[in-house]
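Chain by chain, the residues run as shown.
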Amino acid sequence: MSAEDLEKYETEQELTLYREYRDVVGIFKYVVETDRRFYLCNQVDVKARTEAGDVFFEVSMSDAWVWDMYRPARFAKNVKVLTFKDVNVEELNQSEIDLPKP
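From a predicted model like this one, the values you see are computed outputs, not experimental measurements.

Caption draft 1: Representation of a nonpolar patch on the surface in the model. Together, M1, L6 and Y9 give the surface a local cluster of nonpolar side chains, amounting to about 360 Å² of exposed area. Here M1 lies in the segment before α1 (3-24). M1 sits in the exposed class, given a relative accessible area of 79%.

As structure tokens, then:
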């Protein structure tokens, strides 16, 4: 496989992922962004934890969709993330979601 073929494959995968996101975003209540992933979910809980003087975040999500083009299944019933980096949680306002149509 050439570098050009690989780039074309990745571009097609990203486009497929965006289309899937566009199709499912309306059924979720929250957007969660961590240093490694982007999630849509209907329930989220973020807890700051301290261990040995270090602070980290425990993020629990239910009914989640994971933005990851390499995952064969992007829907997950429960997700737990532990991270030392920032976590951003936004509540979606369903009336504001206006994605472009194909």
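Caption draft 2: The arrangement of the packing of aromatic side chains in detail. Taken as a whole and assessed by the stated rule, the structure comprises seven aromatic pairs. Here the aromatic rings of Y21 and W67 are separated by 5.6 Å at their centres, their planes lie at 70 degrees, and the arrangement is edge-to-face. Of this pair, Y21 sits in helix α1 while W67 is found in strand β4 (residues 54-67), placing the two residues 46 residues apart along the sequence. What makes Y21 buried here is its relative accessible area of 16%. With a relative accessible area of 33%, W67 lands in the partly exposed category.

Caption draft 3: Summary view of the pairing of strand β1 (residues 30-33). As defined by bridge partners, β1 adjoins strand β2 (residues 38-41) across four bridges and the pair is classed as antiparallel. Paired with V32 across the two strands is Y39, which belongs to β2. Between the antiparallel neighbours β1 and β2 lie four residues. Across four bridges, the pairing between β1 and strand β6 (residues 88-91) is antiparallel. What sits directly across from Y30, in β6, is E91.

Caption draft 4: Structural view of the nonpolar core. By size, the foremost hydrophobic cluster in this structure holds 12 residues: Y30, V32, Y39, C41, V44, V59, M61, A64, V66, A76, V79 and V81. Of all the elements in the fold, those that place two or more residues in this core are β1, β2, β4 and β5 (75-83). The dominant element in this core, judged by the number of residues it contributes, is β4, at four residues. One finds Y21, V24, V25 and L40 within the second-largest nonpolar core, a separate group that totals 10 residues.

Caption draft 5: Seen up close, α1. The end-to-end C-alpha separation of α1 is 32 Å, in line with the 32 Å expected for 22 residues at 1.5 Å each. Among all positions of α1, only L17, Y21, R22 and V24 are buried. Those residues of α1 that are buried lie in contact with β2, β4 and β5.

About the thresholds
- Residues numbered from 1 in each chain as written.
- Predicted model: local features only at pLDDT ≥ 70, side-chain atom pairs only at ≥ 80, totals over all residues.
- Heavy atoms only, no water.
- Patch = residues over 30% accessible without salt bridge, like charges linked within 9 Å, V, L, I, M, F, W, Y side chains within 5 Å.
- Areas by Shrake-Rupley, 256 points an atom, 1.4 Å probe, with all protein chains shown as cover.
- Salt bridge = Lys/Arg side-chain N within 4 Å of Asp/Glu carboxyl O.
- Helix = DSSP H or I, 4+ residues; strand = E, 2+ residues; numbered from the N terminus.
- Buried < 20%, exposed > 50% of the residue type's maximum accessible area, 1.4 Å probe, protein only.
- Phe/Tyr/Trp six-rings, centres within 6.5 Å; stacked < 30°, edge-to-face > 60°.
- Pairing = 2+ DSSP bridges.
- Core = buried A, V, L, I, M, F, W, Y, C linked by side-chain atoms within 4.5 Å.
- Expected span 1.5 Å × (residues − 1).
- Contact = heavy atoms within 4.5 Å.

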